[in-house]
Amino acid sequence: MKEENKLSRRQIISGLSASLAVAAVSPILPAEASAAVDAAPEPLKDPTTAYPRPPFKSQTQPWPGLASKMEPVPDHGEKTYKGSGRLKGRKALITGGDSGMGRAAAIAYAREGADVAINYLPAEEADAKEVIALIKAAGQKGVAIPGDLRDEAFCKRMVEEAVRQLGGLDILVNNAARQQQRQSILDLTSEDFDATMKTNIYAPFWTIKAALPHLKPGSAIIGTTSEQATDPSEDLYDYAQTKAATTNYVRSLAKQLAPKGIRVNGVAPGPIWTPLQVSGGATQEKLQKFGGDTPMKRPGQPVELASIYVQLADPQASYATGQVYGAAGGKGMP
Ligand code: NAD
Ligand code: MG
């Protein structure tokens, strides 16, 4: 070893104490992080009783349904989600961002510092208006892009519009889906089957293709899949197979896009209290007992999945790709 590279024990110790002295003057935590740590602690909440439990009132709405008309109204985190700057400066597009998981993600992303564009069907304008107002109240840009994802040309337009209005794109959440239960395969028409495939499989394909040229290394794609991917219900013949396809595209695309620095992950919910279930997604019998067969004995609320969508979009989760995160109240596997 060369003489100048040799450090004596005394030199090391004196060097160490000098850096410890510096650490004592300048705290290890930056001001923002220590502010979050200093906030008053939340009281512990029992998850089994934190949200409504069955029995639920029988209710139906014409498809696609409105969150505001459900009884009880779902909790998307409107009053509760607190951000801590995890997505500061990011630009996100969320399909089905008007209600359910998409709305919970939109509120959380905005409160984490992201600008957010949401897509929804024109019939859902009332729900979408509330979400745009919540994004703006968080001090972020909110962009409304209504339109039908079953149309390839619209999927392309939606992405271009999001990129134009947000000034770029780095988080894409393919969350919209069609779920209409049918007791028998004999009741399932080709039009039904086609609409489910177009919404749940073709639309993410078209949307990802349009978005990819805009996604830089560090970007994230998230797909909403389902416990139905691995444990399909007898009355969701078409829907369940699209969710198996979703889980599958997440895993395939993650491998394809990892070299480009783009992460692709999925969220697999169990029974969650959203308009999809009251507008043809579930029978009245299932709805009244909704979520009662989970170990939690209740359905989840969209807000309970918000932090998962944040986690998967957060650049700090940089080693997570090709993963499917479940939230099914203790039942099943993602
Ligand atoms: P939701 O009804 O709130 O959201 C679904 C959204 O899909 C609608 O708001 C609508 O805007 C959109 N959509 C449907 N067809 C469309 C079309 N042709 N064009 C444009 N938008 C269209 O219900 P949700 O439960 O929050 O659904 C979100 C995701 O969660 C879906 O992928 C669904 O499969 C999945 N999921 C839901 C549950 C559950 O129990 N609610 C369970 C597992 C998975
Ligand atoms: Mg909706």
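The structure this text deals with has already been given above.
Note that the coordinates shown come from a computational prediction; the quantities given were computed from them, not determined experimentally. (Residues numbered from 1 in each chain as written. Chains lettered and ligands numbered in written order. Predicted model: local features only at pLDDT ≥ 70, side-chain atom pairs only at ≥ 80, totals over all residues. Heavy atoms only, no water.)

**As for the coordination of the magnesium ion (ligand 2)**
Within the protein, Asp98 (OD), Ser99 (OG) and Glu124 (OE) serve as the donor atoms for the magnesium ion (ligand 2), at 2.1 to 2.2 Å. In primary-sequence terms, the residues that donate to the magnesium ion (ligand 2) follow D-S-x24-E. Taken as a pair, Ser99 in the loop between strand S1 (91-95) and helix H3 (100-111) and Glu124 in the loop between strand S2 (115-120) and helix H4 (125-137) lie far apart in primary sequence, 25 residues in all. Taking relative accessible area as the criterion, Ser99 reaches 11% and is therefore assigned buried. Owing to a relative accessible area of 7%, Glu124 belongs among the buried residues under this scheme. (Donors = N, O, S within 2.8 Å, 3.2 Å for Na, K, Ca; no water. Helix = DSSP H or I, 4+ residues; strand = E, 2+ residues; numbered from the N terminus. Buried < 20%, exposed > 50% of the residue type's maximum accessible area, 1.4 Å probe, protein only.)

**Thoughts on the environment of Val73**
With respect to the helices, strands and loops of the structure, Val73 is situated in the loop between helix H2 (31-38) and S1. Sequence separation of Val73 and Pro275 is 202 residues, and the distance between their C-alpha atoms is 9.6 Å. Ignoring sequence-local partners within four residues, the contact set of Val73 consists of Ala67 and Ser68. (Contact = heavy atoms within 4.5 Å.)

**Considering the pattern of salt bridges**
According to the stated counting rule, one finds 16 salt bridges in the structure shown. For Glu78, the salt bridge identified is with Arg103, shortest N-O distance 3.0 Å. Of this pair, Glu78 sits in the loop between H2 and S1 while Arg103 sits in helix H3, placing them 25 residues apart in sequence. Here Glu78 falls in the partly exposed class, since its relative accessible area comes to 23%. Judged by relative accessible area, Arg103 falls into the buried class, the value being 3%. Its salt-bridge partner being Lys198, residue Asp194 comes within 3.3 Å of it at the nearest N-O pair. Of the two residues, Asp194 and Lys198 are both situated in helix H6 (residues 190-211); the distance of four residues between them amounts to about one turn of the helix. Residue classification places Asp194 among the partly exposed residues on the basis of a relative accessible area of 39%. By sharing partners, the salt bridges in this structure join Glu78, Arg103 and Glu130 into a single network. (Salt bridge = Lys/Arg side-chain N within 4 Å of Asp/Glu carboxyl O.)

**Notes on the site of ligand 1**
Taken together, 32 residues form the shell around ligand 1, and within it Ser99, Glu124, Asn175, Tyr239 and Thr274 come nearest. For ligand 1, a nitrogen atom lies 2.9 Å from a polar atom in the side chain of Asp148. Contact between ligand 1 and Gln277: an oxygen atom at 2.7 Å from a side-chain N or O atom of the residue. Protein contact buries 98% of the 800 Å² of open area that ligand 1 shows by itself. Of all the secondary structure elements, the ones that give two or more residues to the shell around ligand 1 are H3, S2, helix H7 (237-257) and helix H8 (275-281). Here the shell around ligand 1 gets three residues from one element, more than from any other, and that element is H8. (Near = heavy atom within 4 Å. Polar contact = N/O pair within 3.5 Å; in protein donor to acceptor, adjacent residues only side chain to side chain. Areas by Shrake-Rupley, 256 points an atom, 1.4 Å probe, with all protein chains shown as cover.)

**Digging into the pairing of S2**
For S2, the buried fraction is high: six of the six residues fall into the buried class. Both faces of S2 are covered, namely the face carrying Asp115, Ala117 and Asn119 and the face carrying Val116, Ile118 and Tyr120. Traced from S1 through H3 to S2, the parallel crossover comes out right-handed. (Right-handed = clockwise from strand over helix to strand, strands pointing away.)

**A word on the sheet that holds strand S5 (residues 220-224)**
The strand order S3-S2-S1-S4-S5-S6-S7 describes an open sheet built from seven strands, whose pairing is parallel. Each edge of the open sheet is held by one strand with a lone partner, namely strand S3 (142-146) and strand S7 (324-327). Each strand of the sheet is rotated relative to its neighbour by a mean of 15 degrees, with strand direction disregarded. When S5 meets strand S6 (residues 263-269), the two strands line up parallel, connected through five bridges. Paired with Gly223 across the strands is Gly266, a residue of S6. Where H3 meets the sheet, it contacts S1, S2, strand S4 (171-174), S5 and S6, and its direction lies at approximately 165 degrees from that of S1. (Pairing = 2+ DSSP bridges. Axes fitted to C-alpha atoms, helices over the stretch in contact; angles between N-to-C directions.)

Functional significance is not addressed by these values, which are geometric in nature.
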